[in-house]
Amino acid sequence: MTSSGRATIYDEIGGADAVAAAVDQFYVRVLGDPALVGYFDGIDMKRLKAHQRSFIAAAIGGPELYAGRSMKEAHAAFRIQPDHFDLVVGHLVATLTDLGVPAETIGRIGEKLAPLKSEIAPPENGPATTPTRRRWFGRKAG
């Protein structure tokens with residue numbers, strides 16, 4: 001709940017359990033996408049999912065505080081292409097839709113996450129190409 005007594009997006013979608021289910025299903029989709037899977041070679045997915053749950057919960061009004069690195073810093077080494085960011089957003093929308101989240105709520109979530117595109121996948125990263133192995137969470141992938 002917000003200080004004004006209104007339910008947050010986090011509350012509306014079902015709280016921690018809903019965020020955990022969404023993150024799990026989201027990564028099934030993302031890891032099944034040939035255009036994206038290369039970004040995750042050698043990645044500690046348990047740790048990544050924990051960070052993702054914390055980040056999403058904080059972004060949509062949950063009680064958790066996101067204490068990770070900035071989005072720009074966390075993703076810079078990957079040189080994520082803008083087209084790939086858009087694919088990830090598509091997988092998130094499909095996941096939330098399959099979980100029964102109303103379209104209006106999905107739109108509100110998108111409004112909170114869309115500004116991150118310029119930090120995660122800046123235009124200078126260029127057009128989509130095959131991802132290369134990068135460092136994630138201080139560990140060299142692969």
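Scroll up to find the structure.
A.B. asks: Describe in detail the overall build of the protein chain, supporting the description with residues and values.
C.D. replies: Within the protein chain, the regular secondary structure consists of seven helices and two strands. Every one of the 142 residues in the protein chain was classed for burial, and the buried ones make up 37%. Within the protein chain, residue pairs in contact and separated by at least 24 positions form 76% of the contacts whose partners lie at least 6 positions apart. Approximately 8000 Å² of the protein chain is accessible, and the part contributed by carbon and sulfur atoms is 56%.

A.B. asks: Kindly report on the side chain of D33, identifying the contributing residues and their values.
C.D. replies: Within the element layout of this structure, D33 appears in the loop between α2 (15–31) and α3 (45–59). Looking at D33, its side chain comes within polar contact range of the side chain of H91, at 2.7 Å.

A.B. asks: Please provide a residue-by-residue account of the environment of A35, values included.
C.D. replies: Structurally, A35 can be placed in the loop between α2 and α3. Of the residues examined, A35 reaches a relative accessible area of 28% and is grouped as partly exposed.

A.B. asks: So what's going on with the packing of aromatic side chains? Residues and values would help.
C.D. replies: Using the criterion set out here, one finds two aromatic pairs in the structure. Between Y27 and F40, the aromatic rings sit 6.0 Å apart at their centres with planes inclined by 75 degrees, giving edge-to-face as the arrangement. Here Y27 is found in helix α2, whereas its partner F40 is found in the loop between α2 and α3, with 13 residues between them in sequence. Each member of the pair Y27 and F40 is classed as buried. One aromatic cluster in this structure is built from F26, Y27 and F40.

Calculation criteria
Residues numbered from 1 in each chain as written. Predicted model: local features only at pLDDT ≥ 70, side-chain atom pairs only at ≥ 80, totals over all residues. Heavy atoms only, no water. Helix = DSSP H or I, 4+ residues; strand = E, 2+ residues; numbered from the N terminus. Buried < 20%, exposed > 50% of the residue type's maximum accessible area, 1.4 Å probe, protein only. Contact = heavy atoms within 4.5 Å. Areas by Shrake-Rupley, 256 points an atom, 1.4 Å probe, with all protein chains shown as cover. Polar contact = N/O pair within 3.5 Å; in protein donor to acceptor, adjacent residues only side chain to side chain. Phe/Tyr/Trp six-rings, centres within 6.5 Å; stacked < 30°, edge-to-face > 60°.

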